[in-house]
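Next come the chains, spelled out residue by residue.
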Amino acid sequence: MAKNPDTTPARRASDRGRYGRLSRERVLASALELVDREGLGALSMRRLGAELGVEAMALYRYAEGKEALLDGLVEAMHLELQARLDAEGPATDDTPDWRADLHRFAGTLYDVCLAHPHAVPLLTTRLLAVPMARRPLPVLRSHERVLALLEKAGLDEAGTAAAFQACLAWLLGYVSVELHPMVDNPDEPDPAFRLGLHRLPSQELPTLRRTAPALAERGGTKGLAAGLDALLDRFTDSGPTAP
């Protein structure tokens, strides 16, 4: 009698977890949920397998290792970005106002980042670690989307490339600054002690001490949009005419 394949030793690392058979989407979604809850330091193949109710070896069918899993988190964030953009309205090719569409992209990316703050550093570090052609397709689609919008502004190839790099640096840098920790003691009601200003030497860092409360405030999408417009005006000469 033939053996049931689900009970043979070769099936020991089964990918049927506590919620049914795995898929790449489920693995990446669970990895992102784990990082959202406990931070990047908690992510490992073994820990993720435990979350899904499978052996760690079963996950290698969906991510070749920890590095691939980190790229998968970036992929998952860009998939969420795409889903949110699609839900908000028509594709950019059907929208005549390229600048408004670029603002929509930036604002939606900001919202995705705020939803997954622990994973945000990967948006930058994986760009530094992974050549363009090896990045996940959803990431490349985001690049394509922004480049196409900049071409709609009438920029030539060199101008499009320069504006793209500047916009990417601004978006990632802005979100990183927005999310960097400032509070030293969250239970302290006094603002100065809450920020730990007493730890900063007043003689050496007077300007930083004075400015720290303002630095602790988020600029939100208004600040994001203002910086983006300044960049776009620089590259397209479409800003307000000086008197």
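Residues numbered from 1 in each chain as written. Predicted model: local features only at pLDDT ≥ 70, side-chain atom pairs only at ≥ 80, totals over all residues. Heavy atoms only, no water.

**A few points about the confidence of the model for the protein chain**
Within the protein chain, residue pLDDT values average 88, and 86% of them lie at 70 or more. Low pLDDT, under 50, characterises residues 1-12; the predicted model gives this stretch five contacts beyond four residues in sequence or across chains. Low pLDDT (under 50) marks residues 239-243, which in the prediction has two contacts with non-local residues, meaning those over four places away or in another chain. (pLDDT = per-residue confidence, 0-100. Contact = heavy atoms within 4.5 Å.)

**Examining the packing of aromatic side chains**
Here the structure, examined in full by the defined rule, presents two aromatic pairs. The interplanar angle of 45 degrees and the centroid separation of 6.3 Å between the aromatic rings of Y110 and Y174 together place this pair among those described as tilted. Of this pair, Y110 sits in helix α4 (residues 98-115) while Y174 sits in helix α7 (residues 157-179), and the two are 64 residues apart along the sequence. One exposure class covers both Y110 and Y174, and it is buried. Between W170 and Y174 the ring centres are 5.1 Å apart and the planes differ by 45 degrees, which places this aromatic pair in the tilted class. (Phe/Tyr/Trp six-rings, centres within 6.5 Å; stacked < 30°, edge-to-face > 60°. Helix = DSSP H or I, 4+ residues; strand = E, 2+ residues; numbered from the N terminus. Buried < 20%, exposed > 50% of the residue type's maximum accessible area, 1.4 Å probe, protein only.)

**Considering the environment of K66**
Within the element layout of this structure, K66 appears in helix α3 (residues 66-88). The spatial distance from the C-alpha of K66 to the C-alpha of S44 is 6.7 Å, given a sequence separation of 22 residues. The contact partners of K66, leaving out residues within four places of it in the chain, are L43 and M45.

**Details of the nonpolar core**
If you look at the biggest cluster of nonpolar residues, it comprises 51 residues, and the most contacted ones within it are V27, L43, L59, L69, L73, L102 and L150. Going through the elements one at a time, α1 (24-38), α2 (45-52), α3, α4, α5 (120-129), α6 (137-152), α7 and α10 (220-236) are the ones with two or more residues in this core. (Core = buried A, V, L, I, M, F, W, Y, C linked by side-chain atoms within 4.5 Å.)

**As for α1**
An ideal rise of 1.5 Å per residue puts 21 Å on 15 residues; α1 measures up with 21 Å between its terminal C-alpha atoms. When α1 is considered as a whole, its buried residues turn out to be V27, L28, S30, A31, L32, L34 and V35. Considering only its buried residues, α1 is in contact with α2 and α3. Following α1 by one or two positions, G39 adopts a phi angle in the positive range, close to 95 degrees. (Expected span 1.5 Å × (residues − 1).)

**Regarding the side chain of D71**
Positionally, D71 belongs in helix α3. Here D71 falls in the buried class, since its relative accessible area comes to 16%. In terms of polar contacts, D71 uses its side chain to reach the side chain of R126, at 2.7 Å. Apart from the residues lying within four places of it in its own chain, the contact partners of D71 are R126, V130 and P136. (Polar contact = N/O pair within 3.5 Å; in protein donor to acceptor, adjacent residues only side chain to side chain.)

**What about a negative patch on the surface?**
Where like charges cluster on the molecular surface, the negative patch consists of E144, E151, D156 and E157. With respect to the secondary-structure elements, E144 resides in helix α6. Of the residues examined, E144 reaches a relative accessible area of 53% and is grouped as exposed. (Patch = residues over 30% accessible without salt bridge, like charges linked within 9 Å, V, L, I, M, F, W, Y side chains within 5 Å. Areas by Shrake-Rupley, 256 points an atom, 1.4 Å probe, with all protein chains shown as cover. Salt bridge = Lys/Arg side-chain N within 4 Å of Asp/Glu carboxyl O. Lys, Arg positive; Asp, Glu negative; His and termini not counted. Charge placed at Lys NZ, Arg CZ, Asp CG, Glu CD.)

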